[in-house]
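# Report on the structure
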Amino acid sequence: MTTNFYIPEDQAPLPPTDADVLTTACDYCVVACGFKVYRWPLEKANGGMKAEENAFGIAFPSAPLQSWVAPAQHNVVMHNDKPHNIVIVPDKDTNAVNKNGDSSMRGGLIAQKVYNPSTGTRDRLTSPLMRIGGTLQPVSWDMALNVAAAVGRHVLDKHGADAYGIKTYSYQYIENTYAITKYAFRHVNTPNFAFHDTPSDVTSTPGFRDAGFDNFGPSYDDWGAADVLMIAGTDPYETKTILFTQYIMPAVRRGMKTIILNPRETAGIAWLKTQGALILDVYPGTDTLVLGAIARVIMENGWEDSEWIQKWVNSKWESSSGFGQGTRNTPWQWRTTWGLFQTDGFEDYKTWNKEQDEYDPDYAARYAGIDVEKIYQAAEMLAKPKDGKRPKASIAIEKGFYWSNNTANTNAVASLATIIGTGGREGQVIGRLGGHQRGGVSGGKLPRNKSPEKLPGRRRRALDTDRWTYSGHTRFAHVIGTTWIQSMAGSQGLQRKFWELVSANPNQVHSYDEKGIIETLKARCDSGGMVVINQDIYLRDPIGAKFADIVFPAAGWGEENFIRANGERRLRLYQKFNDAPGEARPDWWIISQLAQRMGFDGFDWENSNEVAEEAARFSRGSRKDFFMVKVAAHKEGKTLHEKMREFGTDGIQGPVFYNYDTGKLVGTKRLHDVALATDAKRLEVMGLTNGAVGANVLGKKMTGFNTQTGKINLQKHPWGLFSDLHKWLQPKNDELWFSNGRINEIWQSGFDDVERRAYTAQRWPENWVEIHPDDAAERGIEAGDRVMMYSDRVPVFKDTILGIDESHFQFSTLMERGHIKLDTAAVTAVAIVTPAVKKGVLYANMLDMRQPSNSLTVRVVDNISGNYNFKMGVAKVRKIGESTYKKEFRSFSFAPRNIV
């Protein structure tokens, strides 16, 4: 048996001087580097080597840091039904984001993403499919849409809105997310809805939301403006490369210190370590303890920022203002009612922290598996004044942190930030670094009041779509652009439930008659089974390949004009530069056609600009408010998309404001910008004086925080809400902690990378797991061995409940009351033996579609937020043989990732 191999090309064409030039941004990570697309007909001559002969205007071979074209940056596409060359390269002329025209490995290969039947993209979905006789068969759009609409309408009329489930991405383009959520919330009006990364429609960072911090308030410049930067749960180099290399690395070279909370040392962290970074390599889920202990040390030494606290922290009455009324359906209201989180201000928090035994530094360090001296060192770095001057500290978090103890971790880090004066000032910011880009604009609100799941008291909880489906209540599952099964926790058990509800149901389609198909699928829904509709660009296994009754082919990046924002709220137009393959259509179009057949009005859009212009109104007041761009565009006789095109790769940071007198649009560098003090000051800086406010919206989060008063809610972070699960999960016998995450070379589920790019497929041909040398030696495992990770202790919250007492969603209570099932899971992988991972911890690829590591993670939601703690699990690991890669050095490198 031989492994795949990659034979690189050694040349690429240069664009001619008259090539079309369009702007776009990378489709992958949150940074969203700006790119230029050069396009010219295939029959036309390519550009030449002399400066006057090519579109770059430079002589080739080019000098260092000048423009150049790699073979991977060239492709051939169809444009207006004719073949064209395209070259897609980082924009060296941009003044924002990737200012030097740099890119990550992912972005540098983005030209390979585009459909070309002679490449690995040849299996793009090009026509609607319907499962007939067990096989997906091509059908017409009319037939596919008619069947989906008829069955969906039947489910709504007979079984109710909560039987119609919608699982979709949150991050894609504004035109698509608006259309989908308008359909789901305002028309289907279903509570059975969740985005791609959570089982419920809930915030990913509840502690930020309740404190009043926006996830993406900082600008990229802010991440390099601090004296000390704490990074929790991510390596920005691996996952947000340009943010690291162009903003964080230069700041570190200038003297910025860093603190890292992460059980794994990768390339970026290793480099920071050489520059003096403090590494807190905590066990998964124990961050809360360490943060609480750091906060205690700071307060005991009087290093808190008293001036900031006095001015910007709510007192008891201020945090209670406006809360505790009515049915208490908002998260902060029911949380304060319980009395577990709300404080009476700083002194109350200080007293509470001191009373918690688990925030004693010795206890926290011992439980988290770190040296206690690191807690004291972190406290000094973050808050100890030097020569009478406080250090400017910023805090950045990401999924490894907030998906391992969702509520308590985000509460604790928000409180730590508050007591050291972090928030809303240059070099003193707190926020997420981000994963995917920010393309969500909601066309409505989740009808939480229709959710059958209830918390203690009169409080509805956002419906857990996984549990609702697992219980057999979802009759129609509409899945859009996400690998629902593998991307959720306890995924192998969820896949077995899909098989039971879909494939094992006796009502299977064997007729080509449209009416007969509709009746068969209705019968499946009525018998307790489930019908699955899937929209995607590829046929994904198993959601599309095994379970979907109808598959709609979607169009994506480069195949339509779309708007999206990045992690500093920078809005840009991603221009269309090639035809979508076959009959593929953008998701907004598919939704519009389906909605009209369902009898819903307001979906008769002619093009994507019309969707964007309707969505603009729903962006008002949000972090990426672009309504005023539409106002400006219409004043100039342009469309919204035409106006957005003018911003090129620089884009404009939301929220966007408009000066009616000068016609100038002004972006927002950072939210919570307390340096501007008042809305009047902000208006002055923006040039929006003389009563020219008009339709501009100035929200509290512009010059303050997103709370009733505009001040911060300082919160408690009780360990006891999570400690029973963590204690139960502690590795027993031969088990190890299990966690997972991303690496630089692979984006998301690898649909563009390991499945369709020869180089990446050769580099990462199979699933992998990192194991510490001591743990490997004890189990007879060497690098390159094929191993099995397995567990019979995967807890699954298996049903929908009505909570009566406060403890009913506590893990120990769920166990006692029989709501937890212990599932089994097994995943194979190739072992990478490395000291880069903490002893006692296994670390695997986040989402290998063939061997999803989420099968081993806990499928029990955070009892407050309703989110999964995806980074938490335990597993045993044993050798099952040697892989071919162990001695054949053509693919798979076993070199540790912490090489600098």
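Bear in mind that the values here come from a model prediction, so they are computed numbers and not experimental data.

What follows deals with the overall build of the protein chain. Along the protein chain, the regular secondary structure elements total 31 helices and 29 strands. Its C-alpha atoms give the protein chain principal-axis dimensions of roughly 75 × 65 × 65 Å. A burial count over the protein chain gives 65% of its 900 residues as buried. Across the protein chain, every contact between residues at least 6 apart in sequence was considered, and the portion connecting residues at least 24 apart equals 77%. For the protein chain, the computed accessible surface area is about 30900 Å², with 48% contributed by carbon and sulfur atoms.

In sheet architecture, strand pairing relies on hydrogen bonds along the backbone and comes in two forms, parallel and antiparallel. Ordered by their spatial adjacency, five strands build an open sheet running S11-S10-S9-S12-S13, and the pairing between neighbours is parallel. At either end of the open sheet lies a strand with only one pairing partner, and these are strand S11 (278-280) and strand S13 (430-432). For this sheet the average axis-to-axis angle between neighbouring strands, irrespective of direction, equals 15°. Of the strand pairs in this sheet, strand S10 (residues 257-261) and S11 are connected by three bridges, and their pairing is parallel.

Taken residue by residue, helix H23 (residues 608-618) has Ser 608, Asn 609, Val 611, Ala 612, Glu 613, Ala 615 and Ala 616 as its buried positions. On the buried face of H23, the contacting elements are helix H3 (174-188), strand S19 (562-565), helix H22 (587-597), helix H24 (627-635) and helix H25 (640-646). You can read the cap of H23 off the contacts: a side-chain oxygen lies 3.1 Å from the backbone nitrogen of Asn 609, and it is on Asn 607.

Right, let's get into the state of the cysteines. Scanning the entire structure with this criterion turns up zero disulfides. Not part of a disulfide, Cys 26 finds its nearest cysteine sulfur in Cys 29, a span of 6.3 Å. Taking relative accessible area as the criterion, Cys 26 reaches 5% and is therefore assigned buried.

Attention shifts here to the packing of helix H8 (residues 287-300) against helix H14 (residues 372-383). One way to put it is that H8 packs onto H14 with a least axis distance of 9 Å and a crossing angle of 60°. Compared by their axis directions, H8 and H14 come out oblique. Along this stretch, H8 crosses H14, giving a crossing that reads as right-handed. Contact residues: H8 offers Val 290, Ala 293, Ile 294, Val 297 and Ile 298, while H14 offers Ile 375, Tyr 376, Ala 378, Ala 379, Leu 382 and Ala 383.

Take the sheet that holds strand S26 (residues 785-797) next. Read around the closed barrel, the six strands follow the order S24-S28-S25-S27-S26-S29; overall the barrel is mixed. Ignoring which end each strand starts from, the neighbouring axes of this sheet average 45° apart. In terms of strand pairing, strand S25 (residues 768-771) meets strand S27 (residues 820-833) through four bridges, oriented parallel. Bridge pairing links Glu 770 to Ile 832 in S27. On the sheet, helix H28 (residues 720-729) packs against strand S24 (736-741), S26, S27 and strand S29 (873-882) and is oriented at approximately 140° with respect to S26.

On to the packing of helix H13 (residues 361-368) against H14. One can describe the packing of H13 onto H14 by two numbers: an axis separation of 8 Å at closest approach and a directional angle of 120°. When the axes of H13 and H14 are compared, the crossing they make is right-handed. The residues of H14 that touch H13, namely those facing Pro 361, Asp 362, Ala 364 and Ala 365, are Val 372, Ile 375 and Tyr 376.

A few words now on the side chain of Gln 715. Here Gln 715 shows up in the loop between helix H27 (700-703) and H28. Its relative accessible area of 0% is what places Gln 715 among the buried residues. From its side chain, Gln 715 meets the backbone oxygen of Gly 207 in a polar contact 3.0 Å long.

Here the focus is the pairing of S10. Within a regular strand, the side chains alternate between the two sheet faces. In terms of residue burial, S10 counts as a mostly covered element, since four of its five residues are buried. As judged from the five bridges shared by strand S9 (residues 228-232) and S10, these two strands associate in the parallel manner. Each bridged residue has a counterpart across the sheet, and for Ile 231 the counterpart in S10 is Ile 260. Crossover S10 to S11 through helix H7 (residues 267-274) is right-handed.

Below, the discussion takes up the packing of aromatic side chains. Summed over the entire model, instances satisfying the criterion amount to 44 aromatic pairs. Taken together, a centroid distance of 5.9 Å and an interplanar angle of 65° make the contact between Tyr 183 and Phe 600 edge-to-face. With a gap of 417 residues between them, Tyr 183 in helix H3 and Phe 600 in the loop between H22 and H23 connect regions that are remote in the sequence. Across the pair, Phe 600 and Tyr 183 agree in class, each one buried. Each residue in the set Tyr 164, Tyr 178, Tyr 183, Phe 476, Phe 600, Phe 603, Trp 605 and Phe 618 is aromatic and connected to the rest through ring pairs, giving one cluster. Taking NZ or CZ as reference, Lys 399 lies 5.6 Å from the ring centre of Trp 403, over its face.

Quick look at the side chain of Thr 813 now. Within the secondary structure, Thr 813 is located in helix H31 (residues 811-816). Note on Thr 813: relative accessible area 11%, which makes it buried. If sequence neighbours within four positions are ignored, Thr 813 has contacts with Ser 807 and His 808.

To continue, consider the pairing of S9. Burial analysis of S9 places five of its five residues in the buried class, which makes it a mostly covered element. Side chains of S9 alternate between two faces, with Val 228, Met 230 and Ala 232 and Leu 229 and Ile 231 buried alike.

Core analysis: the largest hydrophobic core is formed by 125 residues, its most contacted members being Val 31, Ile 88, Tyr 164, Tyr 183, Trp 223, Phe 552 and Phe 626. With 10 residues, the top contributor of residues to this core is helix H2 (residues 141-159). Setting aside chain neighbours within four positions, we find Tyr 183 in contact with Tyr 164, Ile 166, Val 188, Asn 189, His 478, Ile 591, Leu 594, Ala 595, Met 598, Phe 600 and Phe 603. Val 297, Trp 303, Ala 548 and Trp 719 belong to the second largest nonpolar core, which has 110 residues in total.

Turning to the environment of Val 754, a few remarks are in order. When you line up the elements, Val 754 lands in the loop between S24 and helix H29 (758-763). Look at Val 754 and you get buried, because its relative accessible area is 19%. Along the backbone, Val 754 and Ile 430 are 324 residues apart, and their C-alpha atoms lie at a distance of 34 Å. Look past the residues within four positions of Val 754 in its chain and what remains in contact with it is Ile 746, Thr 760, Ala 761 and Trp 764.

The next thing to look at is helix H12 (residues 346-355). Along H12, the residues classified as buried are Phe 346, Tyr 349, Trp 352 and Asn 353. The buried residues of H12 all sit within an arc of 125° when viewed along its axis, so they share a single face. Along H12, exposed side chains directed more than 90 degrees from the buried face belong to Glu 347, Lys 354 and Glu 355. Next to the buried residues of H12 lie H8, helix H9 (306-312) and helix H16 (406-419).

All right, on to the pattern of salt bridges then. For the coordinates displayed, the defined rule picks out 58 salt bridges. Asp 93 is the salt-bridge partner of Lys 36, the closest N and O atoms lying 2.6 Å from each other. In this pair, Lys 36 is assigned in strand S2 (residues 34-41) and Asp 93 in the loop between strand S4 (82-90) and helix H1 (105-108), connecting sequence segments 57 residues apart. According to the relative accessible area criterion, Lys 36 is buried, its value standing at 16%. With a relative accessible area of 55%, Asp 93 lands in the exposed category. As a salt-bridge pair, Arg 670 and Asp 673 come within 3.4 Å of each other at their nearest N and O atoms. Asp 673 gets classed as buried once you look at its relative accessible area, which sits at 9%. Linked by salt bridges that have partners in common, Glu 782, Asp 785, Lys 879, Glu 882, Lys 886 and Lys 887 make up one network.

Each value, and the rule that gives it
- Residues numbered from 1 in each chain as written.
- Predicted model: local features only at pLDDT ≥ 70, side-chain atom pairs only at ≥ 80, totals over all residues.
- Heavy atoms only, no water.
- Helix = DSSP H or I, 4+ residues; strand = E, 2+ residues; numbered from the N terminus.
- Buried < 20%, exposed > 50% of the residue type's maximum accessible area, 1.4 Å probe, protein only.
- Contact = heavy atoms within 4.5 Å.
- Areas by Shrake-Rupley, 256 points an atom, 1.4 Å probe, with all protein chains shown as cover.
- Pairing = 2+ DSSP bridges.
- Axes fitted to C-alpha atoms, helices over the stretch in contact; angles between N-to-C directions.
- Polar contact = N/O pair within 3.5 Å; in protein donor to acceptor, adjacent residues only side chain to side chain.
- Disulfide = S-S within 2.5 Å.
- Parallel < 35°, antiparallel > 145°, perpendicular 65-115°, else oblique.
- Left-handed = near helix turned anticlockwise from the far one by under 90°.
- Right-handed = clockwise from strand over helix to strand, strands pointing away.
- Phe/Tyr/Trp six-rings, centres within 6.5 Å; stacked < 30°, edge-to-face > 60°.
- Lys NZ or Arg CZ within 6 Å of the ring centre and 35° of its normal.
- Core = buried A, V, L, I, M, F, W, Y, C linked by side-chain atoms within 4.5 Å.
- Arc of directions from axis to C-beta.
- Salt bridge = Lys/Arg side-chain N within 4 Å of Asp/Glu carboxyl O.

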